[in-house]
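Per-entry structural report
The chain contents come next:
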Amino acid sequence: MKVIVASTEEQVNKLDELIRYIYQSAFPRYFTDYEIAQYMEWKVLHFPEEKEHPLYTLDVAFRAITSLEVIISILDLSPQNHDLLKHQNLFNKNVDILTQSGLFFPFSYQNFLEKNSTKHSDACSIYAKPTNLYII
């Protein structure tokens, strides 16, 4: 007999919050809106709906949350401020953990070395979180 402890509602909410942060803050800095739309179609970091998925267990959800937080921390650093090889290895390790958790994240560290080269800043992305909610 195997006992499995289900993830808590807070863990599910935290995972959802981290995934939204990546789509709204990290991706617009490195990818175009067209690329981000494709990632949504490909279900990158798509949270599974079936409750039997391993991601809905306490241990797997915790590992996925931790991995997403580490990846976000690495992406929020500027490349000049850290050891590339050390962070590349840490990034790849956490991508592997996400894959084992059942989240699709098909990126390598090299995908995030150069910022989005469009004329507009990430503030102009349709996926970026708005700076304010008022239109003047």
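This text goes with the structure placed above it.
Residues numbered from 1 in each chain as written. Predicted model: local features only at pLDDT ≥ 70, side-chain atom pairs only at ≥ 80, totals over all residues. Heavy atoms only, no water.

**Concerning the side chain of Ser101**
Using the following cut-off: In this description a helix means any DSSP run of H or I spanning at least four residues, a strand means any run of E spanning at least two, and both kinds are numbered starting from the N terminus. By the criterion applied in these results, polar contacts are pairs of N or O atoms within 3.5 Å in which, for protein atoms, one can donate a hydrogen and the other can accept it, and in which residues neighboring in sequence qualify only through two side-chain atoms. We call two residues in contact whenever any of their non-hydrogen atoms come within 4.5 Å of each other.
Tracing the sequence through the fold places Ser101 in helix α4 (residues 84-101). Polar contacts involving the side chain of Ser101 include one to the main-chain carbonyl oxygen of Ile97, which spans 2.8 Å. Beyond its immediate sequence surroundings of up to four residues, Ser101 is in contact with His53, Leu55, Val60 and Ala64.

**Brief notes about helix α3 (residues 58-76)**
We count it as follows: In a helix, the anticipated span is given by 1.5 Å times the number of residues less one. Per-residue accessibility, obtained with a 1.4 Å probe over protein chains only, is compared with the maximum for each type, and a residue is labelled buried under 20%, exposed over 50%, and partly exposed between these values.
Taking 1.5 Å per residue, 19 residues should reach 27 Å; α3 reaches 27 Å between its end C-alpha atoms and fits that length. For α3, the full list of buried residues reads Val60, Ala61, Ala64, Ile65, Ser67, Leu68, Ile71, Ile72, Ile74 and Leu75. Contact partners of the buried residues in α3: α1 (9-30) and α4.

**Digging into the packing of aromatic side chains**
This is how it is decided: Planes of paired rings set the category: under 30 degrees apart is stacked, over 60 is edge-to-face and the rest tilted, where pairs are Phe, Tyr or Trp rings (Trp by its six-membered ring) whose centres lie within 6.5 Å.
Counting across every chain of the model gives 16 aromatic pairs. Between Phe27 and Phe31, the aromatic rings sit 5.5 Å apart at their centres with planes inclined by 80°, giving edge-to-face as the arrangement. Among the residues examined, Phe27 registers a relative accessible area of 0% and is labelled buried. The exposure class assigned to Phe31 is buried, which follows from its relative accessible area of 6%. Here the aromatic rings of Phe27 and Tyr39 are separated by 5.7 Å at their centres, their planes lie at 65°, and the arrangement is edge-to-face. Note that Phe27 is positioned in helix α1 and Tyr39 in helix α2 (residues 33-41), a separation of 12 residues in sequence. Each member of the pair, Phe27 as well as Tyr39, is classed as buried. Among the aromatic residues, ring-to-ring pairing joins Tyr23, Phe27, Tyr30, Phe31, Tyr39, Trp42, Phe91, Phe105, Phe107, Tyr109 and Phe112 into one connected group.

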